[in-house]
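Structural overview for review
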Amino acid sequence: MRSLGTLLVLAALPAALAVKTHDFKTCAQAGFCRRGRALAERAAGSQAWNSPYSVEASSLTLSPDQASFTAAVKSSIYPEANFGLDVRIHDDGVVRVRMDEVGGLRKRYDEAASWALLEEPKVSNSVQWSVAKDSARAKYGAKKEVEVVVNFKPLKITLLRNGKEQVVLNGRGLLHMEHYRTKESVAKSKEGLPPPEEGLDTDDSQVVLAQTHPRTAWFEGEVEDGWWEETFNSFTDTKPRGPESLSLDIDFPNHGHVYGIPQHATRLSLPTTIGEDAYYSEPYRLYNADVFEYLADSTMSLYGSIPFMQAHSTESTVGIFNAIGSETWVDVGRPTPKKTTTHWISETGILDVFILPGPTPADVFAQYTRLTGTPALPAQWALGYHQCRWNYISSDDVRSVQKRFDEEDMPVDVFWLDIEYAEDHKYFMWDHKLFPDPVDMIKDVEAIERKMVVIVDPHLKRTNDYPVYKEATELDVLVKQKDGSTDYEGWCWSGSSAWVDFFNPKSWDWWKGLFKVDGPNDKWHWSESTVSTYIWNDMNEPAIFNGPEISMPRENIHYGGWEHRDLHNINGMLFHNLTSQAVKSRTDPPKRPFVLTRSFYAGSQRFGAMWTGDNLGTWEHMAVGVKMVLANNIAGFSFAGSDVGGFFGNPEPEMLVRWYAVGAFSPFFRAHAHIDTKRREPYLLDEPYKTIVRDILRLRYSMLPVWYTAFREASVTGLPVLRPHYVAVPQDEGGFAIDDQYFVGSSGILVKPVTRKSAKEETVYLPEDQVYYDYFTQHAYRGAAKGKNITVPADLHQIPLFVRGGSIVPTRERHRRSAPLMKRDPFTLRVALDKDGHARGELYLDDGETYSHETGQFVWREFVAEKPAKKSKGVKISNKNLGAQKPTEAVDHVALATYDSANDFAKSIADVRVEKIVVLGLPTKPSSVTADGGKALQWSYTPGVAASDSKEGTASILVIKDPKLNVTGDWNIEVQA
């Protein structure tokens with residue numbers, strides 16, 4: 001959300017012009033980015049370019065018992081500056097490369113990784129380095145197929161697999177760590193010093209430059225561009241520490257596609273920003289910012305930043321995590337279709353890069369989430385539908401909205417309150433004129449096992465009648481101005497505001513205490529709440545209406561003396577982290593928190609959900625929202641979604657219906673709208689739109705077992721909940737750039753949301769020689785070994801939704817008002833046979849709200865369909881106990897030694913049964929269908945296309961009616977033919 005003055009002019013601006021691009025810097029307006037790009041241009045223009053950084057071989061020290069070494073690094077253009085290199089190989093093969101200035105004027109910010117990492121990674125004690133005069137090398141892997149080479153002069157680090165380059169650091173010589181200096185020392189250094197002999201070959205133009213200008217000009221340029229002060233719009237950044245940026249080229253010589261570095265409104269496979277026919281002219285910017293009505297195709301920074309990138313080819317997948325907290329720009333080039341170059345330019349910080357060797361997408365996800373954590377397993381109700389707008393204006397309004405949902409028989413789990421609930425925007429403090437009975441209102445919602453989410457923004461109104469601000473002042477935990485002692489004052493929704501410095505440990509327990517419903521009498525706490533009231537963190541970039549780029553001055557001071565510029569991109573994650581901890585700690589035993597954040601960083605996936613911010617109600621924003629949610633998923637943050645309908649604007653009914661279908665296949669499913677928009681709750685739609693949306697909502701709820709099971713897998717393995725084609729089918733090059741259709745977990749569900757106006761049909765890509773069944777009509781489509789496009793019907797009431805052959809999909813088909821009311825409902829199993837007559841699927845269940853699953857209180861089942869004999873035309877369907885088979889793999893971050901199948905939770909749902917089994921693709925009508933012990937089951941059969949056929953058409957359908965088999969028990973069904 002943005003300032004009131006801005007809101008008043010929205011209606012007068014065309015949508016294409018609504019984003020105020022002049023509020024935000026381009027690379028040319030950021031001194032350090034200009035310097036970094038100029039460095040790259042000088043390097044590209046010289047065949048004799050050589051990096052000035054080299055390792056002093058004599059200084060190299062190997063760890064006696066670990067796969068790590070340290071060494072001194074020198075720069076030929078600044079021989080007086082000293083740098084230290086630390087290279088280590090982790091247990092899982094990840095390579096960590098750190099370089100920092102040693103003995104400089106001051107310490108560089110080196111804490112980004114400590115906020116992002118789950119724990120300090122373990123260094124391998126089996127991999128060994130071999131050191132020569134010019135390099136250090138280490139080989140590892142089952143067949144010693146992975147090699148890391150550190151070349152000394154110039155410094156270059158290469159990861160190879162089977163002798164083929166995978167990742168190269170400083171291969172183009174763009175590494176530059178601007179060491180700390182003073183104006184006086186710079187002036188003195190220019191007084192008659194000869195040009196260096198190192199770092200320069202015999203290129204005539206460089207020799208002339210070196211003789212005419214200071215010794216550094218060939219590398220750093222001729223002018224001190226933005227070193228000491230910089231002005232943007234009306235704001236001047238005094239840069240008290242001078243130049244301190246970090247430039248690094250990271251190249252992927254054998255990978256033609258790169259993904260990641262969210263958040264940007266762009267394609268999943270990142271388009272180029274440099275080189276011939278570059279798609280964009282600006283680098284991708286990572287600088288968390290409140291960009292309302294953002295462009296639907298741009299490299300502009302948005303609300304969150306995850307400096308994690310994957311590179312992919314048919315042969316391998318690799319990744320890099322660049323642990324940097326400051327503003328960063330990333331150029332992407334593609335010199336050939338099979339090679340990608342990237343250039344990372346950061347304002348401050350040390351070099352701290354993790355190289356993830358893969359070689360598969362699953363390996364890279366595992367390696368990355370071992371570093372930063374897997375997505376938290378959410379409460380099951382949080383996967384239902386969320387209804388929000390700015391603002392539901394009173395207690396009566398909330399009750400009325402809930403009543404209308406029930407009258408229209410539309411499921412919903414959560415109602416949201418935006419900033420107008422709070423008196424004078426003092427968060428936690430109810431406006432009792434509008435909400436006279438907040439606790440009773442919340443309990444009315446909870447009576448139907450629904451929840452409320454209430455917004456708590458990070459800006460605190462500066463008034464002593466606001467206990468939260470008063471206590472923060474007394475604790476001295478507010479962000480400071482550049483003098484380091486005066487509390488910073490900015491302007492946001494609350495008017496004159498202050499911001500808590502969550503980098504200060506003193507703030508942590510205090511913040512958590514505020515959320516206590518029953519807290520100590522001598523401390524303020526949120527007594528007008530309930531333990532089932534959950535939280536929305538907005539504006540945490542931070543957004544500051546009168547600040548530079550609508551944010552905080554970079555020279556502001558945080559705990560430890562760090563400037564805001566050092567940690568800007570991490571700031572929002574700490575607010576989210578502490579709020580999540582606060583919600584979790586309200587009860588004993590704790591319940592899983594739900595906290596939505598707008599700003600995020602690497603590791604935010606551990607704390608809750610995110611959304612794509614203040615989007616527009618346009619077809620373009622609907623379409624790019626799909627790509628943005630996919631980008632967050634492959635960057636570790638699966639619990640993601642876009643506002644259904646768009647935050648701004650009044651979408652026409654057709655658009656709104658299509659957007660509900662997009663939302664129903666997003667991990668986080670919320671409708672939200674601006675205060676000036678027309679009310680657009682789904683029950684207000686005319687027919688046929690209302691019925692279509694009701695069916696979409698019911699479809700989402702029927703598939704909650706699929707979503708919850710996918711989140712369990714994500715929480716354990718790091719695999720994303722939404723999987724683009726390159727993740728699901730890594731060798732199919734035809735799918736590498738596809739970002740408008742995707743798979744849901746390992747379920748076999750493939751969806752292509754329709755995001756085009758007036759669409760009647762859609763083209764869907766099938767990536768393999770396999771059968772795919774239409775979810776609704778059971779029509780069997782055939783893929784091809786090299787991929788195949790099919791055309792499918794896509795009228796407004798239709799969603800292109802398929803089940804991949806070889807999948808078993810568990811659903812719950814009873815219609816309920818909220819997700820918790822479904823917990824004892826029976827299951828339907830869709831068995832979609834593959835062309836070989838096999839299928840499998842999983843189902844994970846627990847209580848959906850506590851952490852009892854970590855002690856073994858869960859049910860994890862595997863459904864398998866296989867031929868009883870090789871030439872059989874029948875099928876055997878089994879329910880197996882995965883929890884007992886794989887106890888160490890069942891739960892996130894807990895390796896259970898054993899699993900008790902008769903645990904209390906399993907007992908509590910012992911009578912939950914499978915009420916229907918639908919088998920698609922049998923080659924012939926069965927002669928009998930029996931359960932264990934020969935018990936005959938009721939069934940019906942409709943002939944049709946077999947999974948093993950080569951033709952297309954409606955598949956054969958076997959329906960087994962109420963076999964009266966419990967979902968928690970082992971059983972077998974024999975289908976004989």
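All chains use their own residue numbering, which begins from 1 and follows the written sequence. Local features in this predicted model are restricted to residues of pLDDT 70 or higher, and side-chain atom pairs are both shown and tallied only at a pLDDT of 80 or more, whereas totals for entire chains, interfaces and linings draw on every residue. In computing side-chain properties, one takes all heavy atoms of the structure into account and sets aside hydrogens as well as water.

Next up on the list: the overall build of the protein chain. Helix and strand definitions here come from DSSP, where helices need a minimum of 4 consecutive H or I residues and strands a minimum of 2 consecutive E residues; each element is numbered from the N-terminal end. Helix and strand content of the protein chain: 19 helices and 51 strands. Based on C-alpha atoms, the radius of gyration is set beside the globule rule, defined as 2.2 Å times the residue count to the power 0.38. Relative to the 2.2 N^0.38 estimate, which gives 30 Å for 977 residues, the radius of gyration of the protein chain is 29 Å and therefore close to what a compact globule would have. With the principal axes as the frame, the protein chain shows a C-alpha extent of 100 × 70 × 55 Å. By the burial criterion, 65% of the 977 residues in the protein chain qualify as buried. Considering the protein chain, the positive charge centre built from 109 side chains and the negative charge centre built from 129 side chains are found 5 Å apart. Relative accessible area decides the class of each residue, using a 1.4 Å probe on protein chains only: under 20% of the type maximum gives buried, over 50% gives exposed, and in between gives partly exposed. Positive charges come from Lys and Arg, negative ones from Asp and Glu, while His and the chain ends are left out of the count. All charge positions are set by atom: Lys at NZ, Arg at CZ, Asp at CG, Glu at CD.

Our focus in this paragraph is the pattern of salt bridges. A pair is scored as a salt bridge if a Lys or Arg side-chain nitrogen falls within 4 Å of a carboxyl oxygen belonging to Asp or Glu. Taken as a whole, this structure holds 78 salt bridges when the rule is applied. Across the pair Glu-147 and Arg-137 runs a salt bridge, and its minimum N-O distance is 3.2 Å. Here Glu-147, found in strand S8 (residues 146-151), pairs with Arg-137, found in strand S7 (residues 135-140); they are 10 residues apart in sequence, far enough to count as distant. Judged by relative accessible area, Arg-137 falls into the partly exposed class, the value being 35%. Among the salt bridges present, the one from Glu-230 reaches Lys-239, with a minimum N-O distance of 2.5 Å. You can call Glu-230 buried: its relative accessible area is 10%. A network of salt bridges, in which partner residues are shared, links Asp-237, Arg-241, Glu-244, Arg-285, Glu-327, Glu-347, Glu-549, Arg-554, Glu-563, Arg-565 and Asp-566.

Centres within 6.5 Å make a pair out of two Phe, Tyr or Trp rings, where for Trp the six-membered ring is used; the pair is then stacked when the planes are under 30 degrees apart, edge-to-face when over 60, and tilted otherwise. Taken as a whole and assessed by the stated rule, the structure comprises 59 aromatic pairs. Their ring planes at 85 degrees and their centres at 4.7 Å tell us that Tyr-279 and Tyr-280 sit as a pair that is edge-to-face. With relative accessibility at 11%, the residue Tyr-280 sits in the buried group. Taking the centre distance of 5.8 Å and the plane angle of 50 degrees together, the rings of Tyr-385 and Tyr-660 count as tilted. Of this pair, Tyr-385 sits in strand S22 (residues 385-387) while Tyr-660 sits in helix H14 (residues 653-664), and the two are 275 residues apart along the sequence. Like Tyr-385, the residue Tyr-660 is buried in the burial classification. Here the aromatic cluster, defined as three or more aromatic residues joined through ring pairs, consists of Tyr-421, Phe-428, Trp-430, Phe-435, Phe-502, Trp-510, Trp-511, Phe-515, Trp-524, Trp-526 and Phe-575. For a Lys NZ or an Arg CZ to count as sitting over a ring, it must be within 6 Å of the ring centre and within 35 degrees of the ring normal. It is Arg-670 that lies over the ring of Trp-611; its NZ or CZ is 5.0 Å from the centre.

This part is about helix H10 (residues 467-475). One turn of the α-helix equals 3.6 residues, which is why residues spaced by three or four share an orientation. Turning to H10, its buried residues number three or more, namely Pro-467, Val-468, Tyr-469, Glu-471 and Ala-472. Where the residues of H10 are buried, they touch strand S25 (459-461), strand S27 (495-499) and helix H11 (506-514). Asp-476, located one to two residues past H10, shows a positive phi value of around 60 degrees. Note on contacts: a residue pair is in contact if any heavy atoms of the two residues lie within 4.5 Å.

Take helix H9 (residues 438-446) next. Buried residues of H9: Pro-438, Met-441, Ile-442 and Val-445, and no others. Projected down its long axis, H9 shows its buried positions confined to an angular sector of 95 degrees, all on one face. In this fold, the buried residues of H9 make contact with helix H8 (395-407), strand S23 (414-417), strand S24 (451-455) and strand S28 (533-537). Starting at the helix axis, one direction is taken to each C-beta atom, and the arc is that of these directions.

Burial runs high along strand S43 (residues 839-845): five of the seven residues are buried. Here, strands pair whenever DSSP counts at least two bridges between them. Bridge count for S43 against strand S44 (residues 859-866) is seven bridges, and the pairing is antiparallel. What sits directly across from Tyr-844, in S44, is Trp-860.

So, on to the environment of Gly-608. Note on placement: Gly-608 falls in the loop between strand S29 (595-597) and strand S30 (609-611). According to the relative accessible area criterion, Gly-608 is buried, its value standing at 12%. For Gly-608 and Pro-593, which are 15 residues apart along the polypeptide, the C-alpha to C-alpha distance reads 7.4 Å. Those residues in contact with Gly-608 that sit more than four places away from it in its chain are His-576, Val-595, Phe-637 and Phe-639.

It is worth spelling out the state of the cysteines at this point. In protein chemistry, a disulfide is the covalent bond that joins the sulfur atoms of two cysteines. Counting rule for disulfides: a pair of cysteine sulfur atoms within 2.5 Å. Taken as a whole, this structure holds one disulfide when the rule is applied. Bridging Cys-27 to Cys-33, the disulfide has an S-S length of 2.1 Å. On the sign convention where negative is left-handed, the bridge of Cys-27 and Cys-33, at about -100 degrees about the S-S bond, is left-handed. With no disulfide of its own, Cys-388 lies 17 Å from the sulfur of Cys-492, the closest cysteine sulfur. Assessed through its relative accessible area of 2%, Cys-492 is described here as buried.

Attention now goes to the sheet that holds S25. One open sheet accounts for three strands, arranged S25-S27-S26; its pairing is antiparallel. What marks the edges here is a single partner per strand, and that holds for S25 and strand S26 (490-492). Here the average twist between neighbouring strands, direction ignored, is 60 degrees. Comment: axis = line fitted to C-alpha atoms, over the contacting stretch for helices; angle = value between 0 and 180 degrees taken between N-to-C directions.

To continue, consider the nonpolar core. For our purposes a nonpolar core is just a set of buried Ala, Val, Leu, Ile, Met, Phe, Trp, Tyr and Cys residues, chained together by side-chain atoms within 4.5 Å. Counting residues in hydrophobic clusters, the biggest one holds 225 residues, and the most contacted among them are Phe-428, Trp-511, Phe-594 and Phe-665. The element that contributes the greatest number of residues to this core is helix H13 (residues 619-634), accounting for nine residues. Apart from the residues lying within four places of it in its own chain, the contact partners of Phe-594 are Trp-381, Ala-382, His-386, Trp-416, Val-453, Tyr-534, Ile-535, Val-583, Ala-609, Phe-639 and Phe-668.

Attention now moves to the environment of Gly-625. Tracing the chain through its elements places Gly-625 in helix H13. Among the residues examined, Gly-625 registers a relative accessible area of 5% and is labelled buried. The spacing of Gly-625 and Val-644 is 19 residues in sequence and 9.7 Å in space, taken between C-alpha atoms.

What the seven strands build is an open sheet, ordered S33-S34-S35-S40-S37-S38-S49; its pairing is antiparallel. Unpaired on one side and paired on the other, strand S33 (722-723) and strand S49 (953-954) mark the two borders of the sheet. In this sheet, strand S35 (residues 749-751) lies alongside strand S34 (residues 742-744) in antiparallel orientation, the contact comprising three bridges. Across the sheet, Phe-743 pairs through a bridge with Leu-750, a residue of S35.

Any residue range with low pLDDT should be treated as having predicted coordinates unsuitable for detailed reading. The predicted model of the protein chain has a mean per-residue pLDDT of 95, with 96% of residues at 70 or higher. Confidence scores per residue from the predictor, reported as pLDDT, run from 0 to 100. Low confidence marks residues 196-213, where pLDDT is under 50. Its contacts with residues over four positions away, or in another chain, come to 26 contacts.

So, about unusual backbone geometry. Cis geometry marks the peptide bond from Gly-358 to Pro-359, where omega comes out at 15 degrees. For Pro-359, the location among the structural elements is in the loop between strand S21 (351-356) and helix H7 (361-372). Looking along the chain, the bond that leaves Glu-687 and enters Pro-688 is cis, with omega of 5 degrees. Mapped onto the secondary structure, Pro-688 falls in the loop between strand S32 (669-671) and helix H15 (689-702). Despite not being glycine, Lys-239 shows a phi value in the positive range, around 45 degrees.

Next up on the list: the side chain of Gln-778. Within the secondary structure layout, Gln-778 lies in the loop between strand S37 (771-774) and strand S38 (779-782). Overall, Gln-778 belongs to the buried group, its relative accessible area being 16%. Not counting residues up to four positions away in its chain, the partners in contact with Gln-778 are Tyr-773, Leu-920, Gly-953, Thr-954, Ala-955 and Ile-957.

A separate point is the packing of H11 against helix H12 (residues 564-584). Direction vectors running N to C along H11 and H12 enclose 50 degrees, while the axes themselves pass 8 Å from each other. Between H11 and H12, the interaxial angle falls into the category oblique. Crossing handedness for the pair H11 and H12: right-handed. Contacts between H11 and H12 involve Trp-508, Trp-511 and Lys-512 on the former and, on the latter, Phe-575, Leu-578, Thr-579, Gln-581 and Ala-582. Residue classes follow a fixed rule: Ala, Val, Leu, Ile, Met, Phe, Trp, Tyr, Cys and Pro count as nonpolar, while Asp, Glu, Lys and Arg count as charged, and any other residue, Gly among them, counts as polar. Looking at side-chain class alone, the contact of H11 with H12 contains five nonpolar, two polar and one charged residues. Oblique is the label for any angle not covered by the other classes, which are roughly parallel (under 35 degrees), roughly antiparallel (over 145) and roughly perpendicular (65 to 115). By the definition used in this description, the sense in which the near helix is turned from the far one sets the handedness, with an anticlockwise turn below a right angle giving left-handed and a clockwise turn giving right-handed.

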